[in-house]
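Commentary on secondary and tertiary structure
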Amino acid sequence: MVIGIDIGSTTTKVAAVNSGKKGIIMVRTKAFDAITSATGAFGKLLVENNLNLANIEKINITGVGASRIPGNLFGIATTRIDEMVAIGTGGKYLAKKDRIIISNIGTGTAIIQVDGSAITHLGGTGVGGGTITGLARQLLNISDFDTIMNYAAKGNINNIDLQIGDIAEGNIGFLNREYTASNFGKMLDTATREDIAAGILNLTYQVIGMVSVFAARSKNNDTVVVTGNGSNNILGQKILASISSMYNIQFEFPANAEFATAIGAAQS
Ligand SMILES: Nc1ncnc2c1ncn2[C@@H]1O[C@H](COP(=O)(O)OP(=O)(O)OP(=O)(O)O)[C@@H](O)[C@H]1O
Ligand SMILES: [Mg+2]
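This one's a predicted model, so the numbers in the text were calculated from it and none came from an experiment.

Scoring rules and cut-offs
- Residues numbered from 1 in each chain as written.
- Chains lettered and ligands numbered in written order.
- Predicted model: local features only at pLDDT ≥ 70, side-chain atom pairs only at ≥ 80, totals over all residues.
- Heavy atoms only, no water.
- Domains from an automatic or database assignment.
- Pairing = 2+ DSSP bridges.
- Helix = DSSP H or I, 4+ residues; strand = E, 2+ residues; numbered from the N terminus.
- Axes fitted to C-alpha atoms, helices over the stretch in contact; angles between N-to-C directions.
- Core = buried A, V, L, I, M, F, W, Y, C linked by side-chain atoms within 4.5 Å.
- Buried < 20%, exposed > 50% of the residue type's maximum accessible area, 1.4 Å probe, protein only.
- Contact = heavy atoms within 4.5 Å.

**Structural notes on the domain arrangement of the chain**
Assigned domains of the chain: these are domain 1 (2-80) and domain 2 (97-254). Taken over C-alpha atoms, the centre of domain 1 sits 30 Å from the centre of domain 2.

Structure, rendered in structure tokens:
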């Protein structure tokens, strides 16, 4: 069995591949320091699944925290894997396609091109999950992610964003009336906390969506596979779907996308 450990900026994810009947096993923990979160998540995986240390051939670690783990973990051969290679490998495996653009929405967002066996880091944006939590903490005094989502689901984006319909009579080219002309560009005095939460979500996913569209187009690709914790976000998926219909780029949200980097590390 091979263990992949992804020590991200916010959370640590662990995946075990070739673990026999169970297929891929996954656990996650909140990152405190790199060593505590990596060993903690690894221990949790072993205990919860009744796995034996003796059956582990090797450990592959990746993510921003990987460089803080010295030597071998628990005497098991431990290799550091380039994070972009891990994202590309895991995204390709989860999407079951080998010519894709991956948009990995973690604390920030990284964009990677997979073309057969070639994996290229194209760039990204600092706008990501950390943007949602940071802005919500300052603007709404809310730190819990689920609470932010509950607020956002009830918000009206039309009270926050300046939309095409606010400034033009009809559509502007392919941009329809409901699309954003300026994120937070309207910001009514009467806007509620729910509206602001919706505005934060819209800002975050529209920026990520557009950066992904431009990356895909520059590589003549029309499939963006979304990985990272930001993939499994219903409101985010809706925002990306609206971009999808305007730009003819498909966004895909594979199951277990949050573990793409850990799974890819284990397979590298
Ligand atoms: N239930 C949740 N609990 C905590 N964070 C969540 C949750 N759902 C979504 N998030 C968002 O996911 C982000 C973390 O995502 P992820 O674990 O993929 O990132 P990471 O790997 O730690 O960071 P990076 O890859 O950028 O180094 C947080 O910034 C947070 O905004
Ligand atoms: Mg990550």
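Anyway, onward from the coordinates.
**Description of the sheet that holds strand 6 (residues 99-105)**
Here 5 strands make up an open sheet; going across it, the order is 8-7-6-11-12 and the pairing mixed. Each edge of the sheet is formed by a strand with only one pairing partner; in this case those strands are strand 8 (118-125) and strand 12 (250-252). Across this sheet, the average inter-strand angle for adjacent strands is 25 degrees, counted without regard to direction. Bridge analysis of strand 6 against strand 11 (residues 223-227) gives 4 bridges, and the strand direction is parallel.

**What to know about the nonpolar core**
Grouped together as the largest cluster of nonpolar side chains are 35 residues, with contacts concentrated most on Leu 201 and Tyr 247. The biggest single contributor to this core is helix 6 (residues 193-218), with 10 residues. With sequence-adjacent residues up to four places away left out, Tyr 247 is seen in contact with Phe 174, Leu 175, Met 210, Val 213 and Arg 217. Formed by 22 residues, the second largest nonpolar core is a distinct cluster that contains Ile 7, Ile 59, Ala 66 and Leu 73.

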